[in-house]
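Chain residues, written in single-letter form:
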Amino acid sequence: MTFKSLTYYISVTVIILTLNSCGVVTKKYETPDDEFAAQYRDTLVQDSTSMATLSWKEIIRDSTLQDLIEEGLQNNLNLKSAIENINQAQASLVEAKLAFLPSLEGNAQITRSKTSQASLNLGGITGVNLNTTSHVGQLTSSWELDVWGKLRSNKRSVVASFLKSQAATRAVQTQLISDIAIGYYNLLALDAELKITKETLANRIGDQETMVYLKQSAVVDGAAVVQSEASRYEIETSIPDIETSILEQENALSILLGRAPGAIERTSLENQTAYSDLKIGIPSTLLRNRPDIQEAEMTFRGAFEDVNMAKTYFYPSLTLTANGGLSSLSLTDFFDNSVFYNLIGGLTQPIFANGENKARLKINKSVQQQAFYDYKLAWLTAGSEISDALFLYKKAKEKQASRTLQISALEKSVDFTEALLEYSSSTNYTDVLTTKNSLLSAQINGVSDKLQELQAVIQLYRALGGGWQ
């Protein structure tokens, strides 16, 4: 290649790079508008900070539960798999960076040739055999200049994929913390329900004995005795169902912890105090805090860069290829003989690929549009989950206040009806049993109310994006 030709290629490259820097081919990425998530439903935001920025240990104070969450973060298989996705994305990122560098290949070749006597006779020379050996060593380098931004768009797409894998891992972590906490609280609620049911069973057994005594004293008839027996067995048969639920919940928690199914160490529902400083922050903070929104944005960004890259296929690629080396007929004077080199610059434009390029661009634009819809859906879902959790927490607190009064009134009602049954003929065992069943139902619902409060706080914390910072 002459100096004049090289100057020409450099001039063309400068012009192309100038056009590309003006954004003729590719576009600069901008985060999509998030006006569709400007506010939360029926909620007046009064503070800019969010509880999502707090460590999960500040939200969850039970030390036993903290230990279980730590175990889950170390051993959960879904989280381990997500971390492997990060490792793969990181390797892809390194690969994308290396695409900017020229390729370099080396090879060595030895060629031996022998001319037979018959062949030599044809040339008028006889009685001589000619053997020749040639030695060639060369290096070849090829470098595609990123004139249209194809390599840069590819790199940015891979970076987005890497950031997406990181966000996805954070999303798995926040969900894992939430699932362990909610499962743990559910287990405590089942324990409390089992305790109440067993206490009620003991009470029903006592009722059965009392009804036998009162029948002998002619205070009640045989129907009361039979009713007390039926009530006792009804409670008795509900216990295996609760115990089955406890075992299933323990097994489910064990899987989250990455261990074989077995017993789960725990405290009690009575010892739990829900975190109450529920600061939700302004909606725009969700992009910083909520991993699934970050993941959705990185998916969109990757698709955006893929569209940029698809556009570059409509333009020719500029490649510089160079090769050089040494050649000799004798290995002993290999480094003293001929040196050869070439430098070639070329523009490559596929002639019949226009249809393929159009299809590629159309597909990538469609994928980008889908990614935008998913991004928007992530915002809307976040707003819905926050609204649900806030409302759930509010109603749980309201129910607990009323439930306490209800249980107190029913306890008094049980005492009154039992006294009337024993010392007066103005009531019967059916009235006593109805009141006691109402009390049992209220006590079980009271457990549910407490569980709802605890779980609502965890759901709100996760909905705001807490658990990974």
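See above for the structure.
Below you will find a few notes about this structure. (Residues numbered from 1 in each chain as written. Predicted model: local features only at pLDDT ≥ 70, side-chain atom pairs only at ≥ 80, totals over all residues. Heavy atoms only, no water.)

### A few points about the packing of aromatic side chains
- Under the counting rule described, the total for this entry stands at 6 aromatic pairs.
- Following the ring pairs from residue to residue traces out a cluster consisting of Tyr29, Phe300, Phe304, Phe372 and Tyr373.
- Over the face of the ring belonging to Trp468 we find Arg170, whose NZ or CZ atom lies 4.7 Å from the ring centre. (Phe/Tyr/Trp six-rings, centres within 6.5 Å; stacked < 30°, edge-to-face > 60°. Lys NZ or Arg CZ within 6 Å of the ring centre and 35° of its normal.)

### What about the nonpolar core?
- Core analysis: the largest hydrophobic core is formed by 60 residues, its most contacted members being Met51, Ile60, Tyr185, Leu460 and Leu464.
- If you list the elements that add at least two residues to this core, you get helix H2 (56-59), helix H3 (63-75), helix H6 (150-216), helix H7 (222-256), helix H9 (291-312), helix H10 (354-423) and helix H11 (429-463).
- Among the elements that make up this core, the one with the highest residue count is H6 (15 residues).
- Setting aside residues no more than four positions away along its own chain, Leu460 makes contact with Met51, Leu278, Ile280, Ile386, Ala389 and Leu390. (Core = buried A, V, L, I, M, F, W, Y, C linked by side-chain atoms within 4.5 Å. Buried < 20%, exposed > 50% of the residue type's maximum accessible area, 1.4 Å probe, protein only. Helix = DSSP H or I, 4+ residues; strand = E, 2+ residues; numbered from the N terminus. Contact = heavy atoms within 4.5 Å.)

### A short note on the packing of H10 against H11
- Put simply, H10 and H11 touch, their axes get as near as 7 Å, and they point 160° apart. Classified by the angle between their axes, H10 and H11 sit roughly antiparallel to one another. Crossing geometry of H10 relative to H11 is assigned as left-handed.
- Residue composition of the contact of H10 with H11, by class: 18 nonpolar, 11 polar and 12 charged. (Axes fitted to C-alpha atoms, helices over the stretch in contact; angles between N-to-C directions. Parallel < 35°, antiparallel > 145°, perpendicular 65-115°, else oblique. Left-handed = near helix turned anticlockwise from the far one by under 90°. Nonpolar A, V, L, I, M, F, W, Y, C, P; charged D, E, K, R; others polar.)

### What about the pattern of salt bridges?
- By the definition in use, this model includes 17 salt bridges.
- Put simply, Arg462 and Glu385 hold a salt bridge, and the shortest N to O gap is 2.6 Å. Within this pair, whereas Arg462 is found in helix H11, its partner Glu385 is found in helix H10, the two being separated by 77 residues in sequence.
- With a relative accessible area of 17%, Arg462 lands in the buried category.
- Glu385 gets classed as partly exposed once you look at its relative accessible area, which sits at 25%. (Salt bridge = Lys/Arg side-chain N within 4 Å of Asp/Glu carboxyl O.)

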